[in-house]
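Each chain, letter by letter, is given below.
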Amino acid sequence: MNIKEIKAGVYYVGVNDRTTQRFEALWPLPYGVSYNSYIVAGEKTALIDGVEISQCDNLVKHIKEIIGDKHPDYLVINHMEPDHSGAIKVLRGYYPNMTIVGNAKTLEMVNGFYGISENVIAVKDNDTLDLGGKTLSFRLTPMVHWPETMMTYVAEDKVLFSGDAFGSFGALNGAVVDEEMDVEPYIPEMYRYYSNIVGKYGMPVQKALAKTSDLAIEYICSTHGPVWHGELSRVVSIYDRLSKYEAEDGVVIVYGSMYGNTQEMAEAIATRLAERGVKKIKMHNVSYSHLSYILSDIFQYKGLIIGAPTYSNTLFPLIESVVQAIKTRELKNRVVGAFGSFTWASKAVSRINEVLEESHLLDTEIVSVENKQAPGNIDIEKCRALADAIVDKM
Ligand SMILES: Cc1cc2nc3c(=O)[nH]c(=O)nc-3n(C[C@H](O)[C@H](O)[C@H](O)COP(=O)(O)O)c2cc1C
Ligand SMILES: [Fe+2]
Ligand SMILES: [Fe+2]
């Protein structure tokens with residue numbers, strides 16, 4: 001049942017959720033998700049992070065497999081989002097003497113969510129907790145992904161419990177540590193997790209990376225997905241690049257189209273990009289691709305071309321959601337184009353430009369094309385010119 005001794009005295013006791021359809025009621029989970037929880041056992045025992053409430057019984061089963069009828073002495077809370085903290089109140093019922101360890105912001109939330117204020121310890125940046133033979137030290141890493149988030153390090157084992165950082169969607173299919181599984185399916189799920197959940201917090205992630213750069217790390221134990229060991233440098237470099245909003249060569253075309261006119265423009269743009277040698281072209285018809293996957297590609301690739309028809313004197317609503325999601329995530333360093341179609345008074349392209357400019361974050365000017373009614377030869381030429389301009393700027 002996924003119980004694994006990662007290093008002597010450091011155990012994985014997390015759980016798989018294969019039934020929740022949408023993470024945060026938003027993001028699809030076609031391969032499920034794991035809520036990772038760990039035990040560090042010195043003379044005293046600490047449980048690191050909890051799980052979502054529906055999985056509490058499974059967590060307790062896993063804890064018992066490791067420590068039997070002993071009680072954990074501590075519960076360290078690195079992150080209070082309910083996918084990890086939901087089980088706290090029930091765990092307190094099982095283990096009334098277990099001391100809750102968190103920073104001041106964590107403890108305020110523990111009280112606010114679960115009415116627990118007794119038997120807690122507040123830790124500050126760089127504080128340590130001696131378990132006897134194993135020492136936990138804490139690094140506060142706010143906004144990765146909430147204000148209270150922190151990371152916990154075990155110096156004796158060179159293990160970092162990183163909270164959501166380095167996490168991915170996808171339940172764990174038997175193995176826990178990366179070298180004992182095929183990690184490739186988890187890599188796109190890590191991009192998706194980052195872009196959907198953590199994407200707004202590039203600067204805080206950079207600060208967290210800097211804050212942990214002095215630590216000798218052999219294992220990164222995140223709260224979702226595989227434990228990283230063999231792939232450590234790869235995932236750290238993915239996180240570093242994503243949080244700097246760096247991107248790979250390639251272009252994402254995301255468009256909406258009711259009757260095919262905007263789609264015809266999208267096809268013309270894609271054809272020209274390919275003629276210009278762009279190999280990675282990701283096309284999303286917004287009515288069929290979920291925002292989750294669209295964002296994941298947008299975070300991965302350098303070029304971003306957004307198209308939509310004008311709809312009731314404004315932007316086609318599903319594309320409005322996409323541009324708002326981009327604005328929320330403070331996307332930077334992209335080469336951007338916009339295109340659209342209307343019949344009597346245009347609005348779509350100016351609205352795309354408006355939202356992206358409001359965010360003041362896309363440093364390059366947006367290349368735009370808009371056409372009236374069915375795209376004719378001249379319009380198609382303009383679409384090809386848009387593709388050329390994007391390639392030239394990249
Ligand atoms: C429900 C609906 C609302 C529309 N509202 C506008 C509008 O306010 N202004 C306008 O110029 N065209 C409007 N149009 C026309 C479309 O923008 C135009 O036909 C466009 O070419 C459609 O692109 P598509 O074929 O990619 O869906 C509307 C069309 C529909 C179906
Ligand atoms: Fe979170
Ligand atoms: Fe999480």
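Rules behind the numbers
The numbering scheme is per chain: residues are counted from 1 as the chain's sequence reads. Lettering for chains starts from A, numbering for ligands starts from 1, and both go in the order in which the items are written. Confidence filtering applies because this is a predicted model: local features only for residues at pLDDT of at least 70, side-chain atom pairs given and counted only at 80 or more, and all residues used for totals across whole chains, interfaces and linings. The basis for the side-chain values is all heavy atoms of the structure; hydrogens and waters are excluded. By convention in these notes, a residue is near a molecule or strand provided one of its non-hydrogen atoms lies within 4 Å of it. Whenever two N or O atoms come within 3.5 Å, that pair is a polar contact, provided that in protein one can donate a hydrogen and the other can accept it, and provided that, for residues adjacent in sequence, both atoms are side-chain atoms. Per-residue and other accessible areas follow the Shrake-Rupley method at a 1.4 Å probe size, with only the shown protein chains counted as cover for residues. A run of H or I in DSSP counts as a helix once it spans at least four residues, and a run of E counts as a strand once it spans at least two, with each numbered from the N terminus. Between two residues, a contact is recorded if the distance between any of their heavy atoms is within 4.5 Å. Distances decide who is a donor: an N, O or S atom must be within 2.8 Å of the metal, or within 3.2 Å for Na, K and Ca. Water is not included, so sites may look incomplete. In short, tetrahedral needs four donors with all angles between 85 and 135 degrees, square planar needs four and octahedral six donors with opposite donors over 155 degrees apart and all other angles between 65 and 115, and whatever is left is irregular. Think of it in three bands: with a 1.4 Å probe and only protein chains considered, a residue is buried below 20% of the maximum accessible area for its type, exposed above 50%, and partly exposed in between. Note on patches: the residues involved have over 30% relative accessible area and no salt bridge, like charges join within 9 Å, and the nonpolar side chains Val, Leu, Ile, Met, Phe, Trp and Tyr join within 5 Å. Any Lys or Arg side-chain nitrogen found within 4 Å of a carboxyl oxygen on Asp or Glu counts as a salt bridge. Where each domain starts and ends follows an automatic or database-derived domain assignment. Buried area counts how much accessible surface, traced with a 1.4 Å probe, disappears from two parts once they are put together, with both parts' losses summed. Here, nonpolar core refers to any group of buried Ala, Val, Leu, Ile, Met, Phe, Trp, Tyr and Cys residues whose side-chain atoms link them within 4.5 Å. Throughout, the arc means that of the directions going from the helix axis to the C-beta atoms. Strand pairing is assigned whenever DSSP identifies at least 2 bridges connecting the two strands. All axes here are fitted lines through C-alpha atoms, helices being fitted over the stretch that makes contact, and every angle between N-to-C directions spans 0 to 180 degrees.

It is worth spelling out the site of ligand 1 at this point. In the vicinity of ligand 1, 16 residues are found, and the nearest of them are Ser257, Met258, Thr262, Asn313 and Ser341. Contact between ligand 1 and Thr262: an oxygen atom at 2.6 Å from a side-chain N or O atom of the residue. Relative to its unbound accessible surface of 640 Å², ligand 1 loses 85% to contact with the protein. Ranked by residues supplied to the shell around ligand 1, first place goes to strand E19 (residues 301–311) with three residues.

Here Tyr311 is to be found in strand E19. Here the alpha-carbon distance between Tyr311 and Ala345, two residues 34 residues apart in the chain, equals 10.0 Å. Excluding anything up to four places from it in sequence, Tyr311 contacts Met258, Phe316 and Pro317.

In this section: the coordination of the iron ion (ligand 3). Distances from the iron ion (ligand 3) to its protein donors, Asp83 (OD), His84 (NE2), Asp164 (OD) and His224 (NE2), fall at 2.2 to 2.3 Å. Coordination at the iron ion (ligand 3) is irregular, judged from the four donor atoms that bind it and the angles of 84 to 171° they form at the metal.

Taken together, His79 (NE2), Glu81 (OE), His145 (ND1) and Asp164 (OD) make up the full set of protein donors to the iron ion (ligand 2), lying 2.0 to 2.4 Å away. All donors of the iron ion (ligand 2) belong to a single chain; written as a sequence motif, their spacing is H-x1-E-x63-H-x18-D. In this model, the iron ion (ligand 2) sits 3.4 Å from the iron ion (ligand 3), the two metals being bridged by Asp164. On the criterion of sequence distance, the pair formed by His79 in the loop between strand E9 (74–76) and helix H2 (82–85) and His145 in the loop between strand E13 (135–140) and strand E14 (150–154) is long-range, its members being 66 residues apart. His79 sits in the buried class, given a relative accessible area of 1%. His145 sits in the buried class, given a relative accessible area of 7%.

This next bit is on a nonpolar patch on the surface. Taken together, the side chains of Ile53, Val90 and Tyr94 make up a nonpolar region of the molecular surface, amounting to roughly 230 Å² of accessible area. On the secondary structure map, Tyr94 appears in helix H3 (residues 88–94).

A few words now on the domain arrangement of the protein chain. Note: interface size is frequently given as the accessible area lost on complex formation between the parts. For the protein chain, the domain assignment lists domain 1 (4–243) and domain 2 (248–393). When each unit is reduced to the centre of its C-alpha atoms, the spacing between domain 1 and domain 2 is 38 Å. In this complex, domain 1 contributes 15 residues to the contact, which on the side of domain 2 involves 12 residues. Carbon and sulfur atoms supply 54% of the area buried between domain 1 and domain 2, which totals about 1200 Å² over both sides. Summed over the shared surface of domain 1 and domain 2, the result is two salt bridges. Across the pair Glu330 and Lys200 runs a salt bridge, and its minimum N-O distance is 3.0 Å.

Our next topic: unusual backbone geometry. If you check the backbone angles, Asp49 has positive phi at about 65° while not being a glycine. Following the sequence through the fold, Asp49 ends up in the loop between strand E8 (45–48) and helix H1 (56–67).

Counting residues in hydrophobic clusters, the biggest one holds 112 residues, and the most contacted among them are Leu91, Leu136 and Trp228. A total of eight residues in this core trace back to one element, the largest contributor, which is helix H5 (residues 186–198). Looking at which domains feed residues into this core, each of domain 1 (4–243) and domain 2 (248–393) gives three or more. When neighbours within four sequence positions are excluded, Leu136 is seen to be in contact with Val40, Ala46, Ile48, Val76, Asp127, Thr128, Leu129, Leu131, Thr152, Tyr153 and Val154. Core analysis: the second largest hydrophobic core is formed by 21 residues, Ala270, Val278, Ile390 and Val391 among them.

This brings us to helix H4 (residues 104–114). Restricting attention to buried positions, one finds in H4 the residues Thr106, Leu107, Met109, Val110 and Tyr114. One face of H4 carries all of its buried residues, which in axial projection span an arc of 160°. With respect to the buried face of H4, the exposed residues turned more than 90 degrees away are Ala104, Glu108 and Gly112. On its buried side, H4 packs onto H2, H3, strand E10 (99–102) and strand E11 (120–122). Where H4 starts, the residue carrying a side-chain oxygen 3.0 Å from the main-chain nitrogen of Lys105 turns out to be Asn103. Two residues or fewer past H4, Gly115 is found with a positive phi of approximately 65°.

On to the sheet that holds E14. Reading across the sheet, the five strands line up as E12-E13-E14-E15-E16 and stay open at both edges, with mixed pairing between neighbours. The sheet terminates laterally at strand E12 (128–130) and strand E16 (219–222), the two strands that pair on one side only. When the angles between neighbouring strand axes are averaged without regard to direction, this sheet yields 20°.

This part covers the pattern of salt bridges. Under the defined criterion, the tally for this structure stands at 20 salt bridges. The partner of Arg276 in a salt bridge is Asp388, with the nearest N and O atoms 2.9 Å apart. Of this pair, Arg276 sits in the loop between helix H8 (261–275) and strand E18 (281–285) while Asp388 is found in helix H12 (residues 377–393), placing the two residues 112 residues apart along the sequence. Among the residues examined, Arg276 registers a relative accessible area of 32% and is labelled partly exposed. Taking the relative accessible area as the measure of exposure, Asp388 reaches 18% and is therefore buried. When the shortest N-O distance is used, the salt bridge between Arg351 and Glu354 registers 2.7 Å. In this pair, Arg351 and Glu354 both sit in helix H11 (residues 348–358), three residues apart, roughly one turn of the helix.

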